[in-house]
Amino acid sequence: VLVCPQENFSDDDQKMLKDKVSSLKDYVEMEEMWWYDKTANCVELGYGGAACSEACCSVPFGENQKAFPLNARRSVISNIDASTKSLYLYGMGDFDGVTAWHNTCDEKCWSKWSGLDYNPLTNNCNTFTSTVLKCVYGLSQKKPHLTVSDMVTVKCDVPCKSPNFEKMMAGNVDGSNVESYE
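Numbering of residues begins from 1 in every chain and follows the order in which that chain's sequence is written. The predicted nature of this model means local features are confined to residues of pLDDT at least 70 and side-chain atom pairs, given and counted, to a pLDDT of 80 or more, with totals for whole chains, interfaces and linings taken over all residues. Where side-chain values are given, they derive from all heavy atoms of the structure, hydrogens and water being excluded.

On to unusual backbone geometry, then. For cysteine 56, which is not glycine, the phi dihedral falls at a positive 60°. Following the sequence through the fold, cysteine 56 ends up in the loop between β3 (41-44) and α3 (63-66). Categorising residues by exposure relies on relative accessible area from a 1.4 Å probe, with only protein chains included: less than 20% of the type maximum marks a residue as buried, more than 50% marks it as exposed, and the intermediate range marks it as partly exposed. Accessibility expressed as a relative area gives 1% for cysteine 56, which makes it buried. The backbone phi angle of histidine 145 is positive, close to 60°, even though this residue is not glycine. Inspection of the secondary structure puts histidine 145 in the loop between α5 (125-136) and α6 (165-169). The exposed category is assigned to histidine 145, whose relative accessible area is 72%. Numbering goes from the N terminus for both helices and strands, where a helix is a DSSP run of H or I of at least four residues and a strand is a run of E of at least two.

Right under this line is the structure:
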């Protein structure tokens, strides 16, 4: 999941993105011709397996994730071909990617997202993406072109929120001062 602040885009790009969001059902694919030269800094949220048991220890959150250029061809998980990257627009949120990380990781949000919680079928990178989209941002969790690795429909009774969410939204807590996992 890439979370990109609106102000990192030109006025024309912001208008185009807002127009696309206004007619969204679930998501829309963004043409590579549009994003291939866009270096807007985004926050990358992703998950993969690792030999660790702490909550979110397998959700990297260092400088590579906090300052992720939109056109970068890399990923949290190593078993993909980044040269085939596609981008999909799901909507607009009321908070940034750092706050989304806290909402996902400060307390259990569908899973603890530890490395040992990883399961290739039921708790994987696609399940994490669904959780961030649905339970953190309230967006569609439908994803294109995925098969057996995306069999779980995430259900959340209430949105995932950090205990410090209201303070972060009011600017009383600097959400960027978190322990980094890389």
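Side-chain rings of Phe, Tyr and Trp, where Trp is taken by its six-membered ring, are said to pair if the distance between their centres is within 6.5 Å; with planes under 30 degrees apart they count as stacked, over 60 as edge-to-face, and otherwise as tilted. A full pass over the atoms with the stated rule returns 11 aromatic pairs. Geometrically, the ring pair formed by phenylalanine 61 and tryptophan 101 is stacked, given 4.6 Å between the ring centres and 15° between the ring planes. With phenylalanine 61 in the loop between β3 and α3 and tryptophan 101 in helix α4 (residues 97-105), this residue pair connects regions lying 40 residues apart in the sequence. With a relative accessible area of 0%, phenylalanine 61 lands in the buried category. Relative to tyrosine 137, the ring of phenylalanine 95 lies with its centre 4.7 Å away and its plane at 15°, an arrangement referred to as stacked.

Sheet strands pair by backbone hydrogen bonding; their relative direction is either parallel or antiparallel. Pairing between strands is defined by DSSP: at least two bridges between them are needed. Read from one edge of the open sheet, 3 strands run β1-β3-β4, paired in antiparallel fashion. Edge positions in the sheet fall to β1 (2-3) and β4 (68-69), since each has one partner strand and no second.

Further remarks concern the side chain of glutamine 14. Position of glutamine 14 relative to the elements: it lies in helix α1 (residues 11-22). Glutamine 14 gets classed as buried once you look at its relative accessible area, which sits at 18%. Excluding anything up to four places from it in sequence, glutamine 14 contacts Gln6, Glu7 and Phe9. Contact criterion: two residues are considered in contact whenever any of their non-hydrogen atoms come within 4.5 Å of each other.

The next point concerns α1. If you check α1, its first and last C-alpha atoms are 16 Å apart, about what 12 residues at 1.5 Å a residue would give, namely 16 Å. Among the residues of α1, Asp13, Gln14 and Leu17 are the ones counted as buried. Buried residues along α1 cover an arc of 100° about the axis, so they all sit on one side. Turned more than 90 degrees away from the buried face of α1 sit Asp11, Asp12, Lys15 and Ser22, all of them exposed. At its buried positions, α1 is contacted by β2 (28-30), α2 (32-35) and β5 (87-89). Here the expected span of a helix is defined as 1.5 Å times the quantity of residues minus one. Think of it as the arc spanned by the lines of direction from the helix axis to the C-beta atoms.

There is a patch of nonpolar side chains on the surface, built from Leu121, Val148 and Met151 and spanning about 280 Å² of accessible area. On the secondary structure map, methionine 151 appears in the loop between α5 and α6. In this scheme, patches are assembled from residues that exceed 30% relative accessible area and form no salt bridge. Like charges are connected within 9 Å, while nonpolar side chains (Val, Leu, Ile, Met, Phe, Trp, Tyr) are connected within 5 Å. Here the Shrake-Rupley method, with its probe set to 1.4 Å, supplies the accessible areas, and only the displayed protein chains count as covering residues. For salt bridges, the criterion is a side-chain nitrogen of Lys or Arg within 4 Å of an Asp or Glu carboxyl oxygen.

Attention now moves to the pattern of salt bridges. This structure, assessed with the given rule, holds 7 salt bridges. With a closest N to O distance of 2.2 Å, glutamate 32 and arginine 73 form a salt bridge. Placement of the pair is glutamate 32 in helix α2 and arginine 73 in the loop between β4 and β5, with a sequence separation of 41 residues. The salt bridge involving aspartate 150 is made with lysine 143; its shortest N-O contact spans 3.1 Å. The structure contains a network of salt bridges with shared partners spanning Asp13, Asp37 and Lys38.

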